[in-house]
Amino acid sequence: SNITKNEFGSGHTRFANVCIGLVKAHGGLKDGMRQQEYAQVAYDIYKSSMGPTHLFVASALLELGNAQVQLGNASGAVSMLNLSYTIFERELGMESAGAAKAMRSLGVAKGSLGEVDSAVALLRGACEIFKRKFGPSRVQVETTTSALLQLTAALPEDRPKKARFE
């Protein structure tokens, strides 16, 4: 990232955009440390240059929260993901893909914390938005459904059936 930093200057939003690309790459590689590192840089730049409630800040918060979950710190992720969701919802609407992505991440984080009912509700809500936006076969729907299945498969058999995936 030094080449980019020297080319654009570390406070520049184009550098932050490059960082977000690196965040996604490291997230895909399950490299939570690097994912967090780049997401933090992007978040700091976006927040200082665009203000704390800009959509780019919401995207960086979403990635920061995902990195925290990846690193096993779901409790630390929840406040970031809640804020991300709030910004997406206010700026794009509660039916937006951005809000749904934040809901999905929040659902995964809450599931990791054992808050199953809340997690299932968030994941179902995200899934419904993705289905309406993109159709049932879209990758967003599949990854959300997969998260739901993983969560509900881990439930003990004596749990109320309503919490299970229908």
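The structure we're discussing is the one just above.
Residues numbered from 1 in each chain as written. Predicted model: local features only at pLDDT ≥ 70, side-chain atom pairs only at ≥ 80, totals over all residues. Heavy atoms only, no water.

Side note on the overall build of the protein chain
Defined as follows: Strands here are runs of E lasting at least two residues and helices are runs of H or I lasting at least four, both read from the DSSP assignment and numbered beginning at the N terminus. Partly exposed residues are those whose accessible area sits between 20% and 50% of the maximum for their type, while under 20% is buried and over 50% is exposed, using a 1.4 Å probe and protein chains only. Reported accessibility uses the Shrake-Rupley method at a 1.4 Å probe radius. Residues are deemed covered only where the shown protein chains occlude them.
The secondary structure content of the protein chain amounts to eight helices and zero strands. Burial analysis of the protein chain (166 residues in total) assigns 42% to the buried set. If you sum the accessible surface of the protein chain, you get close to 8,600 Å²; carbon and sulfur atoms cover 54% of it.

Points about the nonpolar core
Worth spelling out the cut-off: Residues enter a nonpolar core if they are buried and are Ala, Val, Leu, Ile, Met, Phe, Trp, Tyr or Cys, with the set joined through side-chain atoms within 4.5 Å. By definition, residues are in contact when any of their heavy atoms lie within 4.5 Å.
With 36 residues, the main nonpolar core has Ala42 and Tyr46 as its most contacted residues. At the level of secondary structure, the elements contributing two or more residues to this core comprise helix 2 (13–28), helix 3 (32–50), helix 4 (55–70), helix 5 (74–92), helix 6 (97–112) and helix 7 (116–134). Top element by residues in this core is helix 5. It accounts for seven residues. Beyond its immediate stretch of four places on either side in the chain, Tyr46 contacts Thr13, Ala16, Asn17, Ile20, Gly51, Phe56, Val57 and Ala60. In terms of nonpolar packing, the next biggest core, distinct from the first, is built from eight residues, Val116, Ala147, Leu148 and Leu155 among them.

Describing the packing of helix 3 against helix 4
Definition in use: A fitted line through C-alpha atoms represents every axis, and for helices the fit uses only the stretch in contact; the resulting angles, taken between N-to-C directions, go from 0 to 180 degrees. Our angle categories are set so that under 35 degrees counts as roughly parallel, over 145 as roughly antiparallel, 65 to 115 as roughly perpendicular, and the remainder as oblique. With the far helix as reference, a near helix turned anticlockwise by less than a right angle produces a left-handed crossing, and one turned clockwise produces a right-handed crossing.
Viewed as axis vectors pointing N to C, helix 3 and helix 4 meet at an angle of 155 degrees, and their least axial separation amounts to 8 Å. Between helix 3 and helix 4, the crossing angle belongs to the class labelled roughly antiparallel. Where helix 3 crosses over helix 4, the handedness of that crossing is left-handed. Contact with helix 3, carried on its side by Gly32, Gln35, Gln36, Ala39, Gln40, Ala42, Tyr43, Tyr46, Lys47 and Met50, involves Phe56, Val57, Ala60, Leu61, Glu63, Leu64, Asn66, Ala67, Gln68 and Gln70 of helix 4 and no other residues of that element.

A few points about the environment of Asn17
The topology assignment puts Asn17 in helix 2. Owing to a relative accessible area of 36%, Asn17 belongs among the partly exposed residues under this scheme. Taking the C-alpha atoms as reference points, Asn17 and Ala60, 43 residues apart in sequence, are found 9.6 Å from one another. In contact with Asn17, other than residues within four places in its own chain, are Tyr46 and Phe56.

Describing the packing of aromatic side chains
Both the distance between ring centres and the angle between the ring planes are used here to describe each pair of aromatic rings. What counts, and what does not: Each aromatic pair joins two rings of Phe, Tyr and Trp (for Trp, the six-membered one) with centres within 6.5 Å, and gets the label stacked for planes under 30 degrees apart, edge-to-face for over 60, and tilted for any other angle. Whether a charge sits over a ring comes down to the Lys NZ or Arg CZ being within 6 Å of the ring centre and within 35 degrees of the ring normal.
Tallying each qualifying case throughout the model produces two aromatic pairs. Ring geometry for Phe130 versus Phe134: centroids 6.2 Å apart, planes at 20 degrees, classification stacked. Of this pair, Phe130 and Phe134 both sit in helix 7, four residues apart, which is roughly one turn of that helix. Against the face of Phe134 rests Arg138, its NZ or CZ located 4.2 Å from the ring centre.

A closer look at the pattern of salt bridges
For clarity, the threshold we go by: For salt bridges, the criterion is a side-chain nitrogen of Lys or Arg within 4 Å of an Asp or Glu carboxyl oxygen.
With the rule as written, the count across this model stands at five salt bridges. The salt bridge involving Arg90 is made with Glu91; its shortest N-O contact spans 3.5 Å. Judged by relative accessible area, which is 42%, Glu91 ranks as partly exposed. Between Glu128 and Lys131 there is a salt bridge, with the nearest N and O atoms lying 3.8 Å from each other. Taken together, the positions of Glu128 and Lys131, both in helix 7 and three residues apart, correspond to about one turn of that helix.

Remarks on the side chain of Glu63
Of note, Glu63 is situated in helix 4. Relative accessible area serves as the criterion here: at 9%, Glu63 is assigned to the buried category. The contacts of Glu63, once residues within four sequence positions are left out, are Ile20, Val23, Lys24, Gln35 and Ala39.

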